[in-house]
Amino acid sequence: MKKKQYNASQIFEILLKRYPELSVCTNSIMSSYEMLKQAYRDKNKLLVAGNGGSASDSEHIVGELMKSFLFNRKIEEKYENRLCELYGEAGKEISQKLEGTLCSIPLTSMPALSTAFLNDVDPTFTFAQMLYGYGVEGDVFLGISTSGNSQNIINALMVARAKNIKTIGLTGKTGGKMKDLCDIIICVPEDETFMIQELHLPIYHALCAMLEADFFTEK
């Protein structure tokens, strides 16, 4: 059976149909999508961080962006041709196995760096240090905190502003301290940690799918 082709608008409509309580986040979700879409058009990247379950969400987001999700993703034709020119049949196989990416980095995935910094300096500045090192103007930082008050996320957001890195916060009902530090804040309408996390997942799945639909077209 042929799978249905979805565009970004349809994906967002499905999100709200399945999770009508997220209608209060409509503007912030769409603004986040537009910000990320522009960043990728400008050849910038996404950096993501969170703690505990939100660290797992950070990894999950990057997994959806760095490989195929709903769409097949061919690599750029110039690289496909170059691989074939350099390596013949082996290059053709490589080009067929590689997938297009939306560049993103989880700041939760570098244990040697993070443990060295938290041991030698200060654990609440580990994400800030990574963001300072990896982030450049025009990138986007997505900070995930169910309370909105995680100090290592707050510190990273402050570094992001200093470096002209755009920021999105994904949090709970009140927004916490993040609310005043993010360019865009997505506050899901829950105040219990696990319930907040349950609503974070469909939001970032929708964002990843919407971006994929914009940059890759083959199902």
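Residues numbered from 1 in each chain as written. Predicted model: local features only at pLDDT ≥ 70, side-chain atom pairs only at ≥ 80, totals over all residues. Heavy atoms only, no water.

The protein goes by Phosphoheptose isomerase in an unreviewed UniProt entry, where it is assigned to Lacrimispora amygdalina.

**A closer look at the overall build of the protein**
In plain terms, the rule: The helix count covers DSSP runs of H or I at least four residues long, the strand count covers runs of E at least two residues long, and both are numbered beginning at the N terminus. Computation of the radius of gyration draws on C-alpha atoms, with the globule rule given as 2.2 Å multiplied by the number of residues to the power 0.38. Residue burial is assigned from relative accessible area. The probe radius is 1.4 Å, only protein chains are included, and a residue is buried under 20% of its type maximum, exposed over 50%, and partly exposed in between. Two residues form a contact once any of their heavy atoms are found within 4.5 Å. With residues, only the protein chains shown are counted as cover, and all accessible areas are computed by Shrake-Rupley using a 1.4 Å probe. When charges are tallied, Lys and Arg are placed among the positive residues and Asp and Glu among the negative ones, while His and the ends of the chain are skipped. The atoms used to mark charge sites are NZ of Lys, CZ of Arg, CG of Asp and CD of Glu.
Within the protein, the secondary structure is distributed over 8 helices and 5 strands. If you list the helices and strands of the protein from N to C, you get α-α-β-α-α-β-α-α-β-α-β-β-α. A compact globule built from 219 residues should have a C-alpha radius of gyration of about 17 Å, and the protein, at 18 Å, falls within 12% of that. Taking the principal axes of the C-alpha coordinates as reference, the protein spans close to 55 × 45 × 25 Å. Burial analysis of the protein (219 residues in total) assigns 46% to the buried set. Counting contacts in the protein only where the partners sit at least 6 residues apart, residues at least 24 apart contribute 73% of the total. In the structure as shown, the protein presents an accessible area of about 11500 Å², 52% of it carried by carbon and sulfur atoms. Both charge centroids of the protein, one from 23 positive and one from 27 negative side chains, sit 5 Å from each other.

**What to know about the pairing of strand 1 (residues 46-50)**
Worth spelling out the cut-off: In short, DSSP must find at least two bridges between two strands for them to pair.
Of all 5 residues that make up strand 1, 5 are buried, and the element is covered over most of its length. Of the two faces of strand 1, the one carrying Leu-46, Val-48 and Gly-50 and the one carrying Leu-47 and Ala-49 are both buried. For strand 1 and strand 2 (residues 104-106), the ladder comprises 3 bridges, and the chain directions are parallel. Its bridge partner lying in strand 2, Leu-47 is registered against Ile-105. Sheet topology places strand 1 next to strand 3 (residues 140-144); 5 bridges connect them, and they run parallel. Considered in strand 3, the bridge of Val-48 is made with Leu-142.

**Observations concerning the side chain of Lys-45**
The test is simple: Under the rule applied, a polar contact is a pair of N or O atoms within 3.5 Å (in protein, one hydrogen donor and one hydrogen acceptor; residues adjacent in sequence only if both atoms are side-chain atoms).
Along the polypeptide, Lys-45 turns up in the loop between helix 2 (26-41) and strand 1. A distance of 3.0 Å separates a polar side-chain atom of Lys-45 from the backbone oxygen of Tyr-134. Filtering out sequence-adjacent residues up to four positions away, Lys-45 remains in contact with Tyr-40, Cys-103, Ile-105, Tyr-134, Gly-135, Val-136, Asp-139 and Val-140.

**Topic: the packing of helix 1 (residues 8-18) against helix 8 (residues 193-215)**
To keep it simple, the criterion reads: For helices, the axis comes from a line fit to the C-alpha atoms of the stretch in contact; other axes are also lines fit to C-alpha atoms, and the angle between any two N-to-C directions lies between 0 and 180 degrees. Orientation is classified from the angle alone, with under 35 degrees giving roughly parallel, over 145 giving roughly antiparallel, 65 to 115 giving roughly perpendicular, and any other angle giving oblique. For any helix crossing, the convention is left-handed if the near helix is rotated counterclockwise from the far helix by under a right angle, and right-handed if that rotation is clockwise. Gly is put with the polar residues, along with every residue not named as nonpolar or charged; the nonpolar set is Ala, Val, Leu, Ile, Met, Phe, Trp, Tyr, Cys and Pro, and the charged set is Asp, Glu, Lys and Arg.
It is at 8 Å that the axes of helix 1 and helix 8 come closest, and there the two elements cross at 165°. For the element pair helix 1 / helix 8, the angle class is roughly antiparallel. Like other packed secondary-structure pairs, helix 1 and helix 8 cross with a definite hand, here right-handed. For the pair helix 1 and helix 8, contact is made by Ala-8, Ile-11, Phe-12 and Leu-15 and by Pro-202, Ile-203, Ala-206, Ala-209, Met-210, Ala-213 and Asp-214, respectively. Counted by class, the contact of helix 1 with helix 8 contains 10 nonpolar, no polar and 1 charged residues.

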